[in-house]
Amino acid sequence: MHAFKGCFRSTKTSKLPRGEDHIVLASETPFTVNEIEALHDLFKKLSSTIVDDDLIHKEEFQLALFSNSSKQNLFSNRVFDLFDAKHNGVIEFGEFVRSLSVFHPYASEEDKNYILYDLRQTGYIERVELKEMVVAILSELDSTLTDDAVDSIVDKTMIEADLNGDGRIDPEEWKDFVTKNPSLLKNMTLPYLK
């Protein structure tokens, strides 16, 4: 989320894309009108990194998040897919704001990364999804662990989080787990809004 650092200090007012009224976006999200305007400035900057068309393409998104537009990663692909709500291969301004609202300090804490780990969007986090995300996050950090070490992390997490023992983590179990482990959400909040 470091790409969004400092984006909320803008005093410049810019024209928003057609159909995306800043007052409407502010009413639908935890963002204020001023924050929406600052997000628009950031959106304009990101959407013109490679192709200047008022749309954020996957390569531009990856470049903003990871300073590398060609490095493929499950985590970056998953985040892009979450932002691309219309599933048309690009992020429009409204999608950008609504998706970022999940990371707002006033957004629901448990939603902040549950949606990232539920890769298949089944409403549950299964062991295989958890393992895929752990491996992807380690890759982003340029860290490597043995398969046994990764399995140990996943097993420990499943034991602690899967309270009913059905082999998957439901939203309530996830909420309990992140309440006991708040560091999981540390990087899932935009601290510049606090």
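Keep in mind it's a predicted model, so treat the numbers as computed, not measured. (Residues numbered from 1 in each chain as written. Predicted model: local features only at pLDDT ≥ 70, side-chain atom pairs only at ≥ 80, totals over all residues. Heavy atoms only, no water.)

Here's the deal with the overall build of the protein
So, step 1. If you tally the helices and strands in the protein, you get nine helices and four strands.
So, step 2. Helices and strands in the protein line up, N terminus first, as α-α-β-α-α-β-α-α-β-α-α-β-α.
So, step 3. Here the protein, with 194 residues, has 42% of them falling under the buried criterion.
So, step 4. If you sum the accessible surface of the protein, you get close to 10,400 Å²; carbon and sulfur atoms cover 52% of it. (Helix = DSSP H or I, 4+ residues; strand = E, 2+ residues; numbered from the N terminus. Buried < 20%, exposed > 50% of the residue type's maximum accessible area, 1.4 Å probe, protein only. Areas by Shrake-Rupley, 256 points an atom, 1.4 Å probe, with all protein chains shown as cover.)

Side note on helix α4 (residues 74-83)
So, step 1. Here α4 lies mainly inside the structure; seven of its 10 residues are buried.
So, step 2. Here α4 has its buried residues at F75, S76, N77, R78, V79, F80 and F83.

Brief notes about helix α5 (residues 93-100)
So, step 1. In terms of residue burial, α5 counts as a mostly covered element, since seven of its eight residues are buried.
So, step 2. On the buried face of α5, the contacting elements are α1 (22-28), α2 (33-47), β1 (56-57), α4 and β2 (90-91). (Contact = heavy atoms within 4.5 Å.)

Focus: the pattern of salt bridges
Note that side chains of opposite charge can pair when their charged atoms are close.
So, step 1. Evaluated as defined, the whole model comprises eight salt bridges.
So, step 2. Residue E92 pairs with K86 through a salt bridge whose shortest N-O separation is 2.7 Å.
So, step 3. Residue K86 is classed as exposed on the basis of its relative accessible area of 53%.
So, step 4. Across the pair K131 and D151 runs a salt bridge whose closest N-O atoms are separated by 2.8 Å. Here D151 lies in helix α8 (residues 147-161) and K131 lies in helix α7 (residues 127-140), a separation of 20 residues in the sequence.
So, step 5. Overall, K131 belongs to the partly exposed group, its relative accessible area being 25%.
So, step 6. On the basis of relative accessibility, which here comes to 21%, the residue D151 falls in the partly exposed class.
So, step 7. A network of salt bridges, in which partner residues are shared, links R127, K131, D151 and D155. (Salt bridge = Lys/Arg side-chain N within 4 Å of Asp/Glu carboxyl O.)

So, the side chain of T29
So, step 1. With respect to the helices and strands, T29 occurs in the loop between α1 and α2.
So, step 2. A distance of 2.8 Å separates a polar atom in the side chain of T29 from the backbone oxygen of L25.
So, step 3. Among all residues touching T29, those that are not within four sequence positions of it are I36, V97, R98 and S101. (Polar contact = N/O pair within 3.5 Å; in protein donor to acceptor, adjacent residues only side chain to side chain.)

Regarding the confidence of the model for the protein
So, step 1. Summarising the model, the protein shows a mean pLDDT of 79, and 77% of its residues fall at 70 or more.
So, step 2. Across the protein, the element-wise mean pLDDT spans from 66 in helix α6 (residues 111-117) up to 96 in β2.
So, step 3. Residue range residues 1-16 is modelled with pLDDT below 50. Its contacts to residues more than four positions away, or to other chains, number 41 contacts.
So, step 4. Overall, residues 189-194 carries pLDDT values under 50, and its contacts beyond four positions in sequence, including any with other chains, amount to 22 contacts. (pLDDT = per-residue confidence, 0-100.)

Regarding the packing of α2 against α5
So, step 1. At a minimum axis separation of 10 Å, α2 and α5 run at an interaxial angle of 120 degrees. Considered as vectors, α2 and α5 are oriented oblique to each other. Judged by the sense of rotation from one axis to the other, the crossing of α2 with α5 is right-handed. For the pair α2 and α5, contact is made by I36, L39, H40, L42, F43 and L46 and by F93, F96, V97 and L100, respectively.
So, step 2. Its residues assigned to classes, the contact of α2 with α5 comprises nine nonpolar, one polar and no charged. (Axes fitted to C-alpha atoms, helices over the stretch in contact; angles between N-to-C directions. Parallel < 35°, antiparallel > 145°, perpendicular 65-115°, else oblique. Left-handed = near helix turned anticlockwise from the far one by under 90°. Nonpolar A, V, L, I, M, F, W, Y, C, P; charged D, E, K, R; others polar.)

Digging into unusual backbone geometry
So, step 1. Of note, the phi angle at D54 is positive, near 60 degrees, even though the residue is not glycine.
So, step 2. If you trace the backbone, D54 turns up in the loop between α2 and β1.
So, step 3. For D54, a relative accessible area of 35% corresponds to the partly exposed category.
So, step 4. Its identity as a non-glycine residue notwithstanding, H87 has a phi of 55 degrees, on the positive side.
So, step 5. Position of H87 relative to the elements: it lies in the loop between α4 and β2.

So, the UniProt feature "domain: EF-hand" (unreviewed entry) in the protein
So, step 1. What UniProt calls "domain: EF-hand" (unreviewed entry) maps, in this numbering, to residues 71-106 and 149-184.
So, step 2. Taken end to end, residues 149-184 has its terminal C-alpha atoms 19 Å apart, with 64% of it in helix and 6% in strand. (UniProt positions renumbered as here; feature names shortened; annotations may be inferred.)

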